[in-house]
Amino acid sequence: MSVLTEVGKHKIFNGEQIRYRHFSEANQCVMTFSVFLPSRALQGYRVPVLYWLSGLTCTDDNFSVKSGAQRFAAEWGLALVMPDTSPRGSEVADAETYDLGQGAGFYVNATQAPWDSHFHMYDYVVHELPEIIEHNLPVTTQRSIFGHSMGGHGALVVALKNPGRYAAVSAFAPIAHPAVSPWGEQAFQAYLGNDQQAWAAYDSTALVTQATHRLPILIDQAARMNFIHRS
């Protein structure tokens, strides 16, 4: 089990916003994530967890600083967990383009060099991070997951591939069919190679046709979004 190092803490909406750093076995590097704990958790009660997955170029800070979601989590007595979007560091492979490499993990387990050494965000989000959260913080094993853009893609894939693990999933402007979008094609070819069956394992449009478990799914897509015809 990773040792957590607290790197920041703030009072907000009668709860606490805490930032942690730890060594990730899945990604073989130091990872950072943020957590909001409502007042109920600070009083000794265990609370359900809502995992947030951010989009391209984001860190754990984007949502925790800009969204104001802590107000709603405080009202409903939920913990919010916000991981980074990829492994990072001088030893981690990167690319010159913003939509590949650090900041663009796409929530897959990479199988192709040089990405396969560190880019295992799927295992990190599904297994390692919840184990850390549930071992160290006052939370229950009731989980839901949501995300935006690349994170919406990740949330849908993670929920669909793990029936019964999440109570619900929501996605805001997700890359819902990455196997046929420019962003997804580039990332999947780099991380997973040319086998399109491997791509389908991380494509929510393909996965939902095979789903056997009924799961509440909310997808919100703006009709005038600039990228709607690209992804």
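Scroll up to find the structure.
Here is what the cut-offs are and how they apply
- Residues numbered from 1 in each chain as written.
- Predicted model: local features only at pLDDT ≥ 70, side-chain atom pairs only at ≥ 80, totals over all residues.
- Heavy atoms only, no water.
- Helix = DSSP H or I, 4+ residues; strand = E, 2+ residues; numbered from the N terminus.
- Rg over C-alpha atoms; globule rule 2.2 N^0.38 Å.
- Buried < 20%, exposed > 50% of the residue type's maximum accessible area, 1.4 Å probe, protein only.
- Areas by Shrake-Rupley, 256 points an atom, 1.4 Å probe, with all protein chains shown as cover.
- Lys, Arg positive; Asp, Glu negative; His and termini not counted.
- Charge placed at Lys NZ, Arg CZ, Asp CG, Glu CD.
- Polar contact = N/O pair within 3.5 Å; in protein donor to acceptor, adjacent residues only side chain to side chain.
- Pairing = 2+ DSSP bridges.
- Axes fitted to C-alpha atoms, helices over the stretch in contact; angles between N-to-C directions.
- Contact = heavy atoms within 4.5 Å.
- Core = buried A, V, L, I, M, F, W, Y, C linked by side-chain atoms within 4.5 Å.
- Patch = residues over 30% accessible without salt bridge, like charges linked within 9 Å, V, L, I, M, F, W, Y side chains within 5 Å.
- Salt bridge = Lys/Arg side-chain N within 4 Å of Asp/Glu carboxyl O.
- Arc of directions from axis to C-beta.
- 1 Å grid on protein atoms, 1.4 Å probe; cavity = no way out; pocket = protein on both sides within 12 Å on 5 of 7 lines; lining within 4 Å.
- Points joined across faces, edges and corners; volume = space filled by probe spheres on them.
- Nonpolar A, V, L, I, M, F, W, Y, C, P; charged D, E, K, R; others polar.

> I tried to follow the overall build of the protein chain on my own but got confused; where do I start?
Along the protein chain, the regular secondary structure elements total eight helices and eight strands. For 231 residues, the compact-globule estimate of 2.2 N^0.38 gives 17 Å, and the C-alpha radius of gyration of the protein chain, at 17 Å, lies within 12% of that figure. Here the C-alpha coordinates of the protein chain stretch approximately 50 × 40 × 35 Å along the principal axes. Within the protein chain, the proportion of its 231 residues that are buried is 51%. When the accessible surface of the protein chain is totalled, it reaches about 10800 Å², and 50% of it is carbon and sulfur. Mean positive and mean negative side-chain charge positions of the protein chain (15 and 20 charges, respectively) differ by 10 Å.

> What am I meant to see in the environment of Asp99 here?
Summarising the element assignment, Asp99 is placed in the loop between strand 5 (79–83) and helix 4 (121–136). A residue is classified by how much of its surface remains accessible, and Asp99, at 9% relative accessible area, is buried. C-alpha separation for the pair Asp99 and Arg71, spaced 28 residues apart in sequence, amounts to 31 Å. Among the polar contacts listed, one links the side chain of Asp99 to the side chain of Trp183, at a separation of 3.4 Å.

> Can you help me understand the sheet that holds strand 1 (residues 5–12) in this one?
Strands belonging to one sheet form pairs held by backbone hydrogen bonds; the direction of such a pair is parallel or antiparallel. In spatial order, the strands read 1-2-3-5-4-6-7-8; together these eight strands make up an open sheet with mixed pairing. Edge positions in the sheet fall to strand 1 and strand 8 (217–220), since each has one partner strand and no second. When strand polarity is set aside, the average angle formed by the axes of neighbouring strands in this sheet is 20°. The strands touched by helix 5 (residues 150–161) are strand 4 (47–53), strand 6 (139–148), strand 7 (169–172) and strand 8; relative to strand 6, the strand with the most contacts, the crossing angle is about 135°.

> In this structure, what is going on with the nonpolar core? I would like to understand it.
The tendency in soluble globular proteins is for nonpolar side chains to be buried side by side. Grouped together as the largest cluster of nonpolar side chains are 59 residues, with contacts concentrated most on Phe106, Ile133, Ile145 and Tyr191. If you tally residues by element for this core, the top one is helix 4, at eight residues. Those residues in contact with Phe106, other than ones at most four positions away along the chain, are Leu56, Thr85, Asp99, Met150, His153, Ile175, Trp183, Gly184, Ala187 and Tyr191. Formed by nine residues, the second largest nonpolar core is a distinct cluster that contains Phe36, Trp52, Ala69 and Phe146.

> I tried to follow a nonpolar patch on the surface on my own but got confused; where do I start?
On the surface, a cluster of nonpolar side chains totalling about 240 Å² of accessible area is made up of Val208, Ile217 and Ile219. Look at Val208 and you get partly exposed, because its relative accessible area is 44%.

> In this structure, what is going on with helix 6 (residues 182–192)? I would like to understand it.
Along an α-helix, residues three or four apart share an orientation, since each turn contains 3.6 residues. For helix 6, the full list of buried residues reads Trp183, Gly184, Ala187, Phe188, Ala190, Tyr191 and Leu192. The buried residues of helix 6 occupy an angular sector of 165° when the element is viewed end-on, so they sit on one face. Each element contacted by the buried residues of helix 6 is listed here: helix 5 and helix 7 (196–200). Looking one or two residues past helix 6, Gly193 carries a phi angle of roughly 90°, positive in sign.

> How do you make sense of the environment of Ser64 when you look at a structure like this?
One can find Ser64 in helix 2 (residues 60–66). The sequence separation of Ser64 and Trp52 amounts to 12 residues, and the corresponding C-alpha distance is 9.6 Å. Once residues lying within four places of it in the same chain are set aside, the contact partners of Ser64 are Gln17, Ser34, Gln70 and Met82. Within the local environment of Ser64, its side chain forms a polar contact with the backbone oxygen of Asp60, the two atoms lying 3.2 Å apart.

> I'm lost on the layout of surface pockets in this one. Help?
Over the atoms, a rolling probe the size of a water molecule traces out where space has been left empty. When its volume is computed, the largest pocket comes out at roughly 170 Å³. When residues of the lining of the largest pocket are traced back to their parent elements, those giving at least two are strand 4, strand 6, strand 7 and strand 8. With five residues, the single largest contributor to the lining of the largest pocket is strand 6. Of the residues contributing to the lining of the largest pocket, the split by class is 12 nonpolar, three polar and one charged.

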